[in-house]
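Listed here are the chains, written in short residue letters.
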Amino acid sequence: MHSAVELRAGSQSVRLPRQLSRRMPTLETPSLADRGLIHALLEEQQQTTAVERFAQQHEQASEPLHSGHYRDLIPLSKPQPGEQYAFEVDLDACSGCKACVAACHNLNGLDSEGYDGAEQWRSVGMLHGVGSVHEAGDQLPILQHVTTACHHCIDPACMSGCPVKAYDKDPDTGIVRHLDDQCIGCQYCVFMCPYDVPQYNPAKGIVRKCDMCHDRLAVGEAPACVQSCPNGAIRIQTVNKQQVAEQSATNQFLPTAPDSTITSPTTIYKSKKPLPKNLLPADYYTANAQHSHLPLVVMLVLTQLSVGAFAVGQALVSGPWQEPLMLSTVRPAYAITGFLVGFVGMHAAVFHLGRPQYAFRAFLGLRTSWLSREIVTFGLFAGCAFAYAVSLWFASDWPTLLPLANGLGWLTAASGGLGVACSVMIYVKTKRPSWNGPRTTAKFTLTSLVLGLPVALLVSLAACYGNSDLTAHTVMRDYGQTLCRWLIVVVACELALEASVLLWLRSREHSPMKRTALLLSGELSMTTLLRNFFGVMGGALLPLVLLSDKAITPGETGFDPLFLGMIVVLSTALLLIGELIERYLFFAACVSPKMPGATGA
Amino acid sequence: MSSDTVESTVGSTETSRISALRDSVGDLVRQWKGPLTEELLRTPGKFGLGQIPVAKAPDATTTMVCGYCSTGCGLNIHLQDGEAVNLTPTVDYPVNTGMACPKGWEALSVLGSSDRGTMPLIPDDHGRKVPVKWDIAMRVFCERFKEIQSRHGKQSVAFLSTGQIPTEEMAYLGSLAKFGMGMQHGDGNTRQCMATAAVAYKQSFGFDAPPYTYQDFEESDVIVLVGSNLCIAHPIMWQRVCRNPHDPEIIVLDPRTTETAAAATQHLALKPKSDLELLYGLAHILIAEGWIDEQYIQQHVNDYDEFARHIEKYTPDYVQQVSGISKESLYYAARTIHKGKRVSFWWTMGVNQSYQGVRTAQAIINLALITGNMGKPGTGANSITGQCNAMGSRLFSNTTNLLGGHDFTNQEHRQKVAGTLGIDESHIPTENSWAYDRIIEGILRDEIKGLWVICTNPAHSWINQNTCHEILDRLDFLVVQDMYHTTETAQRADLYLPAAGWGEKEGTFINSERRIGLLKKVAKAPGQALSDFSIFRLVADYWGCEQMFEKWQQPEDVFQTLKELSRGQPCDITGIEDYQMLDQRGGIQWPYPEGCNEDKAERRLFSDGQFFHADGKARLLFEASRNMPEPPSRQYPYLLLTGRGTASQWHTQTRTAKSPVLRGLYPQDMYVEINPHDAEHEGISPNSMVQVESQRGSISAKAFVTSTVQQGQLFIPMHYEATNQLTLAHFDPYSRQPSYKNCAVRISPAHHIAAG
């Protein structure tokens with residue numbers, strides 16, 4: 001007696017549940033119908049019939065059938081000099097159906113995958129709050145949906161930030177287009193745009209964005225969003241650029257939107273009922289950790305380490321400890337270390353590019369883009385560092401080269417400093433509050449020192465191994481302990497600076513800085529703790545050990561040189577990890593002002 | 001040829017080579033064109049489409065009706081080799097005039113989802129779903145159901161159907177189940193959305209007949225919307241309101257400040273479930289002020305005096321006390337209705353999903369009748385339906401009514417249907433079917449042992465979900481037939497049958513304004529999925545009752561039968577020749593009897609004041625209002641409202657969750673809307689996780705603090721699976737429709753769950 005019935009399904013045999021099979025003794029033989037009807041029905045299911053069964057209705061249509069709907073929603077004539085096209089949104093007509101988003105997607109053939117969901121060039125957010133007091137004495141709740149896309153700004157930040165000139169603002173229409181094939185996928189425009197417009201597609205390695213359907217407009221058709229809004233809430237207008245810039249200066253753009261002075265967005269939001277000032281975006285209280293841009297984390301920390309090591313090293317060899325031994329032993333060591341680390345750091349950035357094979361275009365944006373400037377400056381730095389290292393190598397045999405080497409040393413340190421300054425400007429230019437000038441300058445400088453100091457010490461100690469005239473204890477005595485003292489001070493400053501962000505928690509306003517503070521103390525709190533742990537261990541506790549007298553006492557009573565070296569290695573490693581985590585938080589907790597988002601966004 | 005020319009030719013070749021080189025170097029440095037740019041190139045699309053993406057340029061287009069809501073928009077499907085590649089809303093379709101909501105725009109993308117069923121599935125001993133051949137599936141289906149029927153009686157197997165398959169499939173299913181398989185009980189998920197309107201109309205007008213056409217939105221000077229968030233639930237109907245050139249007064253009755261309420265000129269934010277009193281209060285003022293159409297009442301309306309006596313006690317003072325709407329606002333609204341020359345009244349789920357929905361709907365109908373706002377452009381008491389084919393289900397699903405709006409208990413009707421179908425009259429049940437809730441109760445009482453669920457998802461959507469799950473698990477045999485094998489109900493099935501969906505089969509839908517629209521076959525179903533029509537044919541074949549349905553080889557064969565069944569009924573469509581005629585006309589509204597030469601695209605009912613009761617008059621129906629069964633208490637101090645979340649979500653999200661575009665347009669995680677004062681009182685901070693509990697269940701959700709909900713009320717969208725764990729199973733006594741929008745809950749911060 002079988003406990004289960006075996007059935008053939010395709011090539012595979014299945015066992016029906018016992019209770020089922022017991023009641024079906026006849027299942028083993030296929031029934032007659034199986035051969036005929038099922039086959040016929042399956043075959044029929046695979047035939048599409050719409051074309052053969054029904055007449056074509058629009059075969060002869062020459063004009064777009066939608067033109068009647070949008071004729072009044074696009075300008076009759078091209079923009080005059082001093083004018084450009086702009087979106088105009090009638091907020092009173094926007095009911096939040098979001099058809100514009102779906103239509104833009106379909107009519108422009110955007111990607112359904114590769115993003116955090118589907119590619120969207122338009123989005124719809126919501127403002128809500130309590131409005132004016134209404135006749136019965138109650139306060140009337142307000143609900144206002146806001147459709148938004150690229151604002152085709154007068155002064156597009158995406159364009160000025162782009163290192164490869166992958167953006168073009170059409171001189172006649174003012175439409176800001178992205179040149180997809182020119183893009184190297186550095187995503188700097190994503191940072192630069194205050195309105196979150198460029199969308200990065202990792203699979204393609206480029207960003208894409210709204211082009212106001214420029215080719216549709218060119219032939220008198222309306223952009224997809226204009227065509228598809230059931231209520232005609234979106235139209236294209238010609239605007240006077242001068243006027244837009246003036247209005248932007250007084251920030252009349254849209255309540256809660258990012259500061260319009262940054263880029264002078266051209267979109268016009270109009271409403272018959274003026275929006276009260278107390279409206280909040282639906283996502284006002286949402287603070288999600290942002291993308292962490294790991295290659296940039298590595299790049300920033302390592303280039304700053306490299307520049308810091310050079311600067312500290314350069315200070316050492318030109319300071320009170322300038323002596324032949326130092327010059328001949330320590331100097332080549334930090335030169336080579338600095339060059340190598342910097343080189344690795346710069347190449348880490350390549351992993352951030354979607355299309356690194358076109359990275360050579362990065363010089364194109366020199367005139368406007370700090371990213372271009374950073375790349376070129378660090379290129380110079382690497383060149384100098386290499387030349388410096390080489391010159392030191394040869395200087396040991398040909399002392400006449402020494403002045404050249406000295407000059408190169410200073411040039412390297414200076415170009416490195418410039419490179420870090422460019423890095424600072426990259427983030428400052430985005431106008432994101434947590435990346436503001438003082439904060440970013442302080443952070444990047446402190447990182448240079450926090451890593452430069454222990455690396456310089458480490459390199460010095462390492463140099464002792466190859467040289468019997470120089471001992472770890474003398475290095476520690478001459479300048480090692482001074483470096484340690486400085487290190488403790490610098491790390492303390494850095495941790496204090498980072499902690500100061502948490503003061504924003506006391507703010508009532510949910511500003512971007514408060515959100516950053518909320519992220520650091522909430523979703524990212526474990527990471528913040530780790531970062532502080534590594535900072536304190538590597539930058540305070542271990543250096544304190546090195547400040548002991550045993551560190552400068554040779555022989556039995558002092559620390560073993562190997563132990564000293566291990567402490568410095570450990571301290572450097574912990575600090576490096578701490579700085580990497582800090583830089584991760586720099587990106588992950590950076591909340592930028594944005595257009596109003598939707599519920600649950 | 002002189003040597004000069006040769007030289008210059010060589011020179012120019014050289015120049016062009018150099019310039020080509022320069023170009024290619026230039027391109028390498030600043031590249032304006034290339035493969036990535038080409039991906040987004042647009043091209044003139046022909047067929048009146050304007051520019052469209054190159055990759056999706058069609059070689060033909062065809063129009064079919066959308067498969068989501070009852071608006072019934074025409075979608076212009078772009079075809080390559082007969083298969084759909086894209087769509088745009090149809091411009092010359094009378095419903096939507098070239099517009100669609102996001103669901104319509106994304107209608108095709110959900111067909112390719114990876115969780116489409118491709119083979120019948122049977123769970124093995126370990127609960128793993130094992131694919132089986134159709135032959136096996138059909139034999140298991142028949143043997144199991146037959147065995148249950150032989151043991152527990154024929155009525156022990158029932159079916160739950162849907163408002164989202166074509167009318168022809170509904171009719172086949174209803175006939176097969178009741179006439180062929182001998183089932184007694186079957187109902188549709190339309191019970192959850194439209195039963196109230198159907199019963200209200202039937203009682204008031206004598207037939208389930210929504211009288212309007214969408215053109216009425218554009219012709220009213222006063223539009224009254226009751227429990228309807230048109231902006232979000234029916235965006236394309238809201239479009240018609242926006243197109244109204246008469247600058248209409250828009251009065252919205254809704255406890256929440258919805259998008260529609262925010263856009264209204266008068267928002268009466270009444271207390272939940274005080275709508276019946278408020279509507280009677282409006283009637284009170286209209287009658288007291290003499291703002292009624294006495295002539296119309298005399299000629300076309302019964303029971304006026306009784307009604308006038310009934311509403312006497314609904315004084316403005318009383319209504320103010322019950323509904324929270326001031327006397328002044330109420331009076332102002334009544335005066336607006338009086339001043340209006342063409343007043344239309346509309347209602348949706350806020351009314352239908354109520355324990356006193358039928359009387360509330362009729363209170364709306366009564367307002368239209370006593371003010372004479374009926375049968376004229378821009379008027380009417382108009383129910384806006386939910387699902388794409390709820391209206392088809394109401395007439396032809398053979399569940400509540402015998403096919404074609406007939407009556408199972410009427411011998412003449414049974415005779416007519418039997419004759420038209422060519423079957424023996426004895427196959428037709430002489431008793432009415434149980435309603436949905438009674439079928440569920442029947443399972444609990446061991447009266448129903450086998451259930452066939454077609455294209456609906458009760459495990460998510462039925463009220464008081466935890467109990468519903470327990471009940472479904474008591475079944476001996478549960479068959480689920482659906483496009484997706486992942487629905488909450490399909491996962492519980494003993495047998496899953498993979499169905500082809502919208503776009504993969506032919507048939508017709510009937511929309512809210514009674515327009516019969518056409519579905520076409522523009523996509524191939526995945527794997528071995530079969531249209532519901534084909535599955536019914538297979539079942540008939542395996543069951544052994546195929547002779548009964550011999551002439552139904554194609555959906556259009558059923559359509560021809562349905563035409564005959566409608567003959568002489570208010571919904572007579574004998575004048576519609578065939579599918580081609582529907583296609584050419586952009587759908588046709590019923591009635592369209594033989595010989596009808598009306599070719600207006602938009603028609604309304606009752607222009608002659610003749611209703612479907614025997615005396616041709618409409619009836620005023622009314623009843624004392626009742627208290628809600630579970631009002632907020634000390635333990636559960638809040639009233640939970642449920643409803644539509646966004647325009648991008650549909651019901652249990654079986655389909656909408658499959659579109660990446662739509663997923664980007666609605667909140668992924670469950671949220672609860674709470675008033676700022678209540679949030680403060682409960683110590684709930686915005687965007688934090690909270691626990692919402694009723695006597696039946698407990699769920700966690702994110703708090704969305706907003707003044708759009710009133711104090712003492714909470715709102716959770718119905719699309720999230722857990723919502724119905726909270727709801728209270730109670731029903732309208734006439735329509736048996738569940739009352740989803742009122743149950744008592746409490747809310748508290750969920751400290752243990754990290755806020756994101």
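Residues numbered from 1 in each chain as written. Chains lettered and ligands numbered in written order. Predicted model: local features only at pLDDT ≥ 70, side-chain atom pairs only at ≥ 80, totals over all residues. Heavy atoms only, no water.

**Side note on the overall build of chain B**
Heads up, the condition is: A run of H or I in DSSP counts as a helix once it spans at least four residues, and a run of E counts as a strand once it spans at least two, with each numbered from the N terminus. Only C-alpha atoms enter the radius of gyration, while the globule expectation follows 2.2 Å times N to the 0.38, with N the number of residues. Should any heavy atoms of two residues lie within 4.5 Å, those residues are considered in contact. The accessible surface values rely on the Shrake-Rupley method and a 1.4 Å probe; as for residues, cover is taken only from the protein chains in view. Counting rule applied: Lys, Arg positive; Asp, Glu negative; His and chain ends not counted. The atom standing in for a charge is NZ when the residue is Lys, CZ when it is Arg, CG when it is Asp and CD when it is Glu.
When its secondary structure is counted, chain B shows 27 helices and 28 strands. Computed over its C-alpha atoms, the radius of gyration of chain B comes to 28 Å, within 12% of the 27 Å expected for a compact globule of 756 residues. Across its three principal directions, the C-alpha atoms of chain B cover 115 × 65 × 65 Å. Across chain B, the fraction of contacts at a sequence separation of at least 24, relative to all contacts at a separation of at least 6, is 72%. Surface exposure of chain B reaches about 24,600 Å², of which carbon and sulfur atoms provide 47%. Positive and negative side-chain charges of chain B, numbering 69 and 86 respectively, have mean locations separated by a distance of 2 Å.

**What to know about the environment of Ala 86 of chain A**
Residues and elements named next belong to chain A. Structurally, the position occupied by Ala 86 is in strand β3 (residues 83-90). The spacing of Ala 86 and His 152 is 66 residues in sequence and 7.0 Å in space, taken between C-alpha atoms. If we skip the residues at most four places from it in the chain, Ala 86 touches Met 212, Arg 235, Ile 236, Gln 237, Val 239 and Thr 266.

**Describing the pattern of salt bridges**
Our working rule: For this analysis, a salt bridge means a side-chain nitrogen from Lys or Arg found within 4 Å of a carboxyl oxygen belonging to Asp or Glu. Burial classes follow relative accessibility: with a 1.4 Å probe on protein chains only, a residue under 20% of its type's maximum area counts as buried, one over 50% as exposed, and anything between as partly exposed.
According to the stated counting rule, one finds 49 salt bridges over all chains in the structure shown. We note a salt bridge from Lys 327 of chain B to Asp 317 of chain B, for which the minimum N-O separation is 3.1 Å. Remark: Asp 317 of chain B occurs in helix α14 (residues 316-323) and Lys 327 of chain B occurs in helix α15 (residues 327-339); sequence separation between them is 10 residues. The closest approach of N and O atoms between Arg 567 of chain B and Glu 564 of chain B, which form a salt bridge, is 2.9 Å. Of the residues examined, Arg 567 of chain B reaches a relative accessible area of 34% and is grouped as partly exposed. Residues participating in the shared-partner salt-bridge network are Asp 111, Glu 119, Lys 204 and Arg 208 of chain A together with Glu 39 of chain B.

**Comments concerning the confidence of the model for chain A**
Here is the rule: What pLDDT conveys is the predictor's confidence in a given residue, as a value from 0 to 100.
Scored by pLDDT, chain A comes out at a mean of 89, with 91% of its residues at no less than 70. Scored below 50 in pLDDT, residues 1-14 of chain A makes 32 contacts in the model with residues more than four places away or belonging to other chains.

**Some words on the environment of Ile 206 of chain A**
By secondary structure assignment, the location of Ile 206 of chain A is in strand β9 (residues 206-208). Judged by relative accessible area, Ile 206 of chain A falls into the buried class, the value being 0%. When the C-alpha atoms of Ile 206 of chain A and Cys 186 of chain A are compared, they prove to be 7.9 Å apart, with 20 residues separating the residues in sequence. Residues within four places of Ile 206 of chain A in sequence aside, it is in contact with Asp 180, Cys 183, Gly 185, Gln 199, Tyr 200, Asn 201 and Arg 355 of chain A together with Leu 36 of chain B.

**Notes on the sheet that holds strand β3 (residues 60-65) of chain B**
All names here are of chain B. Heads up, the rule is: Here, a strand pair is defined by DSSP locating no fewer than two bridges between the strands. For every element, the axis is a line fit to its C-alpha atoms; helices are fit only across the contacting stretch, and the angle between N-to-C directions ranges from 0 to 180 degrees.
With antiparallel pairing, the three strands of this open sheet are ordered in space as β3-β4-β5. Both outer strands of the open sheet, β3 and β5 (83-89), are each paired with one neighbouring strand and no more. Looking at each pair of strands side by side, their axes are set apart by 35° on average, direction ignored. In the sheet, strand β4 (residues 74-80) pairs with β5 via six bridges, with the strands oriented antiparallel. Bridge pairing in β5 links His 78 to Asn 86.

**A word on the environment of Gly 129 of chain A**
Relative to the assigned elements, Gly 129 of chain A resides in strand β4 (residues 123-133). Those residues in contact with Gly 129 of chain A that sit more than four places away from it in its chain are Leu 140, Pro 141, Ile 142 and Leu 279 of chain A together with Ser 707 of chain B.

**What about the nonpolar core?**
Note the threshold: We define a nonpolar core as any set of buried Ala, Val, Leu, Ile, Met, Phe, Trp, Tyr and Cys residues linked to one another through side-chain atoms lying within 4.5 Å.
Counting residues in hydrophobic clusters, the biggest one holds 138 residues, and the most contacted among them are Phe 141, Leu 176, Trp 347, Trp 452 and Trp 590 of chain B. Those residues in contact with Trp 347 of chain B, other than ones at most four positions away along the chain, are Ala 197, Tyr 201, Val 226, Ser 228, Asn 352, Ala 361, Ile 364, Ile 365, Ala 381, Asn 382, Ser 383 and Ile 384 of chain B. The next biggest cluster of nonpolar side chains, apart from the first, holds 103 residues, and it includes Phe 378, Cys 464, Tyr 479 and Ile 567 of chain A.

**Section: the sheet that holds strand β10 (residues 222-226) of chain B**
All names here are of chain B. Taken in spatial order, the five strands of this open sheet run β12-β11-β10-β14-β15, and their pairing is parallel. Whereas interior strands pair on both sides, the edge strands pair on one side only; in this sheet they are β12 (266-268) and β15 (380-383). Each neighbouring strand pair of the sheet contributes to a mean axis angle of 15°, computed without reference to strand direction. Relative to strand β11 (residues 249-253), β10 runs parallel, the two sharing five bridges. Bridging across to β11, Leu 225 finds its partner in Val 252. Docked against the sheet, α15 engages β10, β11, β12 and β14 (343-347), running at close to 130° with respect to β12.

**Some points on a nonpolar patch on the surface**
All names here are of chain A. Using the following cut-off: Like charges within 9 Å and nonpolar side chains (Val, Leu, Ile, Met, Phe, Trp, Tyr) within 5 Å are joined into patches, using only residues over 30% in relative accessible area that form no salt bridge.
Taken together, the side chains of Ile 336, Leu 340, Phe 386, Val 390, Trp 393, Phe 394 and Trp 398 make up a nonpolar region of the molecular surface, amounting to roughly 730 Å² of accessible area. Sorting the residues of the nonpolar patch by element identifies α12 (324-350) and α13 (370-395) as the ones contributing at least two each. Of the residues forming the nonpolar patch, the biggest block, four residues, is contributed by α13. With respect to the helices and strands, Trp 398 occurs in the loop between α13 and α14 (402-428).

**Let's talk about the confidence of the model for chain B**
As a note on interpretation, predicted positions should not be read in detail where pLDDT is low. Residue and element names in this part refer to chain B. Within chain B, residue pLDDT values average 94, and 97% of them lie at 70 or more. Every residue in residues 1-7 is under pLDDT 50, and counting partners more than four places away or in other chains gives one contact. Note that pLDDT drops below 50 for residues 752-756; the model gives that stretch 11 contacts with residues more than four away or on any other chain. Here the predicted complex carries an ipTM of 0.94, next to a pTM of 0.93.

**Quick look at the packing of helix α11 (residues 275-288) of chain B against α15 of chain B**
Each packed pair of helices is defined by two parameters, the angle between the axes and the distance between the axes. Residue and element names in this part refer to chain B. Convention followed: Here a crossing is taken to be left-handed if its near helix is turned anticlockwise relative to the far helix by less than a right angle, and right-handed if that turn runs clockwise. Following the grouping adopted for this structure description, the nonpolar residues are Ala, Val, Leu, Ile, Met, Phe, Trp, Tyr, Cys and Pro, the charged ones are Asp, Glu, Lys and Arg, and the polar ones are all others, Gly among them.
One can describe the packing of α11 onto α15 by two numbers: an axis separation of 9 Å at closest approach and a directional angle of 65°. Seen from above, α11 lies across α15 with right-handed handedness. In contact with Leu 278, Gly 281, Leu 282, Ile 285 and Leu 286 of α11, α15 contributes Leu 330, Tyr 331, Ala 333, Ala 334, Ile 337 and His 338. By residue class, the composition of the contact of α11 with α15 is nine nonpolar, two polar and no charged.

**Quick notes on the interface of chain A and chain B**
What counts is decided by this rule: Buried area: the accessible surface (1.4 Å probe) lost by two parts on joining, summed over both. The term polar contact refers here to a pair of N or O atoms within 3.5 Å; inside protein, the definition further demands a hydrogen-donor-capable atom paired with an acceptor-capable atom, and it admits residues adjacent in sequence only when both atoms are side-chain atoms.
Contacts between chain A and chain B engage 107 residues on the former and 109 residues on the latter. Buried surface at the junction of chain A and chain B, summed over both partners, amounts to about 9,200 Å²; 56% is from carbon and sulfur atoms. The largest share of the area that chain A buries against chain B comes from Gln 45, Phe 54 and Asp 181 of chain A, three residues that together contribute 8% of it. With a shortest N-O distance of 2.9 Å, Arg 53 of chain A and Glu 556 of chain B are connected by a salt bridge. Where chain A touches chain B, the interface holds 41 residue pairs in polar contact (both at pLDDT 80 or more). For the side of chain A that touches chain B, the leading source of residues is helix α2 (residues 32-45) of chain A, giving eight residues.

**Description of the packing of α13 of chain A against α14 of chain A**
Residue and element names in this part refer to chain A. Selection rule: For classification purposes, an angle smaller than 35 degrees is called roughly parallel, one larger than 145 roughly antiparallel, one from 65 to 115 roughly perpendicular, and anything else oblique.
The contact between α13 and α14 brings their axes to 8 Å, and the two run at 160°. The angle between α13 and α14 places the two elements in the roughly antiparallel class. Remark: the crossing between α13 and α14 carries left-handed chirality. Here the residues of the contact of α13 with α14 sort into 20 nonpolar, eight polar and two charged.

**Remarks on helix α5 (residues 167-180) of chain B**
Residue and element names in this part refer to chain B. Selection rule: The span you would expect from a helix comes to 1.5 Å times its residue count less one.
Between its first and last C-alpha, α5 extends 18 Å over 14 residues, near the 20 Å set by a 1.5 Å rise per residue. The buried count for α5 comes to 14 of 14 residues, which makes it a mostly enclosed element. Of the residues trailing α5, Gly 182 is marked for its positive phi of about 75°.

**Examining the pairing of strand β17 (residues 477-482) of chain B**
Residue and element names in this part refer to chain B. Most of β17 sits inside the fold, with six of its six residues counted as buried. Side-chain alternation along β17 places Phe 477, Val 479 and Gln 481 on one buried face and Leu 478, Val 480 and Asp 482 on a second face that is also buried. Relative to β17, strand β16 (residues 450-454) runs parallel, the two sharing five bridges. Looking at the pairing, Gly 450 lines up with Phe 477 of β17. Both β17 and strand β18 (residues 495-498) contribute to a ladder of four bridges, which runs parallel. The residue bridging Asp 482 from the neighbouring strand is Pro 498, located in β18.

**A few points about helix α18 (residues 525-546) of chain A**
Residues spaced three or four apart along an α-helix face the same direction, because each turn holds 3.6 residues. Residue and element names in this part refer to chain A. With 22 residues, α18 extends 31 Å from end C-alpha to end C-alpha; this agrees with the ideal 32 Å at 1.5 Å per step. For α18, the complete set of buried residues consists of Thr 527, Thr 528, Arg 531, Phe 534, Gly 535, Gly 538, Gly 539, Leu 542, Pro 543 and Leu 546. The elements touched by buried residues of α18 are α15 (437-465), α16 (472-500), α17 (512-521) and α19 (561-588).

**Regarding the packing of aromatic side chains**
So the rule is basically this: Two rings from Phe, Tyr or Trp (for Trp, the six-membered ring) form a pair when their centres sit within 6.5 Å of each other. Planes less than 30 degrees apart are called stacked, planes more than 60 degrees apart edge-to-face, and all others tilted. Two conditions define a charge sitting above a ring: the NZ of Lys or the CZ of Arg must be within 6 Å of the ring centre, and it must be within 35 degrees of the ring normal.
Applying the stated rule across the entire model yields 57 aromatic pairs over all chains. Between Tyr 195 of chain A and Phe 253 of chain A, the aromatic rings sit 5.8 Å apart at their centres with planes inclined by 70°, giving edge-to-face as the arrangement. A residue pair is termed long-range when its members are at least 10 positions apart, and Tyr 195 of chain A in the loop between α7 (188-192) and β8 (199-201) and Phe 253 of chain A in the loop between α10 (241-249) and β11 (268-270) qualify at 58 residues. Taking the relative accessible area as the measure of exposure, Tyr 195 of chain A reaches 6% and is therefore buried. Look at Phe 253 of chain A and you get buried, because its relative accessible area is 8%. Ring centres of Tyr 334 of chain A and Tyr 388 of chain A lie 6.4 Å apart, and the angle between their planes is 50°; this geometry places the pair in the tilted category. Remark: Tyr 388 of chain A occurs in helix α13 and Tyr 334 of chain A occurs in helix α12; sequence separation between them is 54 residues. Of the residues examined, Tyr 334 of chain A reaches a relative accessible area of 2% and is grouped as buried. The exposure class assigned to Tyr 388 of chain A is buried, which follows from its relative accessible area of 0%. The ring centre of Tyr 284 of chain A lies 5.2 Å from the NZ or CZ of Arg 515 of chain A, which sits over that ring. Across the ring face of Trp 590 of chain B, the terminal group of Arg 514 of chain B is positioned such that the distance to the ring centre comes to 5.6 Å.

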